[in-house]
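The lines below spell out each chain.
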Amino acid sequence: MKVSLNRINDNYLFEAKSASGVPVLIDNKTDEPSKGASPMELLLMGVGGCSAIDVVMILKKQRQEITSYKMEVEGQRKEVRDAKPFESMHVTLYLGGKIDEAKAIRAAQLSFEKYCSVSITLEASVKITYSIVLNGKEIK
């Protein structure tokens with residue numbers, strides 16, 4: 001896997017591309033207005049996107065009817081020398097539809113513990129927790 005970054009202004013704005021050719025803008029959040037996501041925001045998006053794809057795939061295979069899916073990923077950071085890495089992340093999955101509670105819980109568990117390569121990459125240094133809200137009711 002390989003990505004490329006190309007600087008597109010005189011400051012910190014970059015366009016990143018992967019083999020798919022889809023551009024992603026990356027910018028420094030200290031310069032407002034920012035024209036792209038920060039690298040740390042992209043890391044949160046990576047955890048969310050990876051898990052979201054897993055959960056949808058698992059629930060579709062189980063013939064569950066997903067009518068809505070929203071996710072929030074929040075990261076807590078700590079100071080380490082001059083850096084501020086994540087020490088923990090919490091993911092909240094908001095699912096809607098005709099979905100069995102046990103299947104929703106199992107799909108999330110499988111994603112975070114077995115399938116999500118992003119979460120598994122981070123697990124040695126970042127504690128990742130999750131909760132599930134199904135049709136407006138918190139089930140985990």
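Residues numbered from 1 in each chain as written. Predicted model: local features only at pLDDT ≥ 70, side-chain atom pairs only at ≥ 80, totals over all residues. Heavy atoms only, no water.

Per an unreviewed UniProt entry, the chain goes by the name Disulfide bond formation regulator and belongs to Aequorivita soesokkakensis.

## Structural notes on the sheet that holds strand S2 (residues 14-17)
To keep things clear, this is the line we draw: Pairs of strands are assigned from DSSP output, requiring at least two bridges between the strands. Under the DSSP-based scheme used, a helix requires at least four consecutive residues in state H or I and a strand at least two consecutive residues in state E, with every element numbered from the N terminus. The convention used is that axes are lines fitted to C-alpha atoms, helices contributing only their stretch in contact, and that angles between N-to-C directions extend from 0 to 180 degrees.
The strand order across the open sheet built from three strands is S1-S2-S3, with neighbouring strands paired in antiparallel fashion. At either margin of the open sheet sits one strand with a lone partner, and together these are strand S1 (4-7) and strand S3 (23-26). Going from strand to strand, the sheet's axes swing by 30° on average, the running direction of each strand aside. Where S1 and S2 come together, four bridges link them in antiparallel fashion. For Asn-6, the partnering residue across the bridge sits in S2 and is Glu-15.

## Here's the deal with the environment of Gln-109
Using the following cut-off: Contacts are residue-level and defined by heavy atoms, with any inter-residue pair within 4.5 Å sufficient.
Its location among the elements puts Gln-109 in helix H2 (residues 101-115). Setting aside anything within four residues of it in sequence, one finds Gln-109 in contact with Lys-114 and Tyr-130.

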